[in-house]
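Close look at the chain arrangement
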Amino acid sequence: EIGKRLAEHYGIPFYDNEIISNAAKESGFAEVAFEKAEEKATNSFLYSLAMGMSAYGNMDMGFSTMSVDDRLFLAETKVTRRFAQEGPCVIVGRCADYVLKDLPNMVNIYVAADIPSRVKRAIEVYDLPKAKAEENIIKFDKRRSNYYNFHTGKRWGDVNNYHISIRSDFGGIDNAVKTLIAYIGD
């Protein structure tokens, strides 16, 4: 919601799931393949070893020698970079801070909130059952963290990866948006 509101304020495009849709169209992979790759990415040694081994399974050493997960990430990266190079925009997730690190005039933002606030929001906005809300939030955070950590070699949520980090539960979403606009400028 914060990303959408920032994009609306600045009159620029907002990208989230559109990146997966475009990457799927351009790569020939199904959208579900991108979602599954994000679900199973892990920072475990065995997963890293298996993904590395699959890259050497073929002898032609081209794009086809990469693991499917690596090809999916590269397809997503290509779309993310294209959207960013087309002009100002807001991109949520997709390791954009890492993928776009060499582009000028980019602001990397990390938005956090405590679990009770996120549970409340999940119930109110997304109609998640109270009994499953916290479990789902923790599970999705773990997936996001593993995916980010695996593909970037950095730690998800580390303040050093972002220009600004903000707690949306502290002052609310409206104040988070106002604070970010003040930081970014008009």
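You'll find the structure just up there.
A brief report on the enclosed structure follows. Keep in mind that what you see is a predicted model, and the values were worked out from it rather than measured.

Look at helix α1 (residues 2-10) against helix α9 (residues 168-184): their axes get within 10 Å of each other, and the N-to-C directions meet at 35°. Here α1 and α9 pass one another in a crossing that is right-handed. Every residue of α9 that contacts α1 at I2, R5, L6, H9 and Y10 is listed here: S168, I173, D174, A176, V177, L180, I181 and I184. For the contact of α1 with α9, the class distribution of residues is nine nonpolar, two polar and two charged.

On to the pairing of strand β4 (residues 164-167), then. The two faces of β4 differ: I164 and I166 on one face are buried, but S165 and R167 on the other face are not. The pairing of strand β3 (residues 109-112) with β4 spans four bridges and is classified as parallel. Bridging from a neighbouring strand, Y110 pairs with S165 of β4.

On to helix α8 (residues 130-152), then. Between its terminal C-alpha atoms α8 stretches 33 Å, which fits the 33 Å expected from 23 residues at 1.5 Å a residue. Within α8, the full set of buried residues consists of A133, N136, I137, D141, S145, N146, Y147, Y148, N149, H151 and T152. Backbone geometry just after α8 places G153 at a positive phi near 75°.

So, about the nonpolar core. Of all hydrophobic cores here, the largest spans 22 residues; its most connected members are I19, F34, I91, C95 and L100. For this core, the secondary-structure elements that each account for two or more residues are α2 (17-27), α3 (31-40), α5 (68-86), α6 (96-99) and α8. At six residues, the largest contribution of residues to this core is made by α5. If we ignore the near neighbours within four places in the chain, the residues touching L100 are T80, R81, A84, I91 and M106. Membership of the second largest hydrophobic core comes to eleven residues, among which are A7, I166, I173 and I181.

Glancing now at unusual backbone geometry. The phi dihedral of C95 falls on the positive side, at around 55°, and the residue is not glycine. Mapped onto the elements of the fold, C95 is located in the loop between β2 (90-91) and α6.

Next up on the list: the packing of helix α7 (residues 115-126) against α8. Running from N to C, α7 and α8 cross one another at 115°; their axes reach a closest spacing of 9 Å. Judged by the inter-axis angle, α7 sits roughly perpendicular to α8. Taken as a pair, α7 and α8 cross one another with a handedness that is right-handed. Where α7 approaches α8, its residues I115, R118, V119, A122 and I123 are matched on the opposing element by K130, A133, E134, I137, I138, D141 and R144.

Reading the values: the criteria
Residues numbered from 1 in each chain as written. Predicted model: local features only at pLDDT ≥ 70, side-chain atom pairs only at ≥ 80, totals over all residues. Heavy atoms only, no water. Axes fitted to C-alpha atoms, helices over the stretch in contact; angles between N-to-C directions. Helix = DSSP H or I, 4+ residues; strand = E, 2+ residues; numbered from the N terminus. Left-handed = near helix turned anticlockwise from the far one by under 90°. Contact = heavy atoms within 4.5 Å. Nonpolar A, V, L, I, M, F, W, Y, C, P; charged D, E, K, R; others polar. Buried < 20%, exposed > 50% of the residue type's maximum accessible area, 1.4 Å probe, protein only. Pairing = 2+ DSSP bridges. Expected span 1.5 Å × (residues − 1). Core = buried A, V, L, I, M, F, W, Y, C linked by side-chain atoms within 4.5 Å. Parallel < 35°, antiparallel > 145°, perpendicular 65-115°, else oblique.

In short, shape yes, function no, at least from these values alone.
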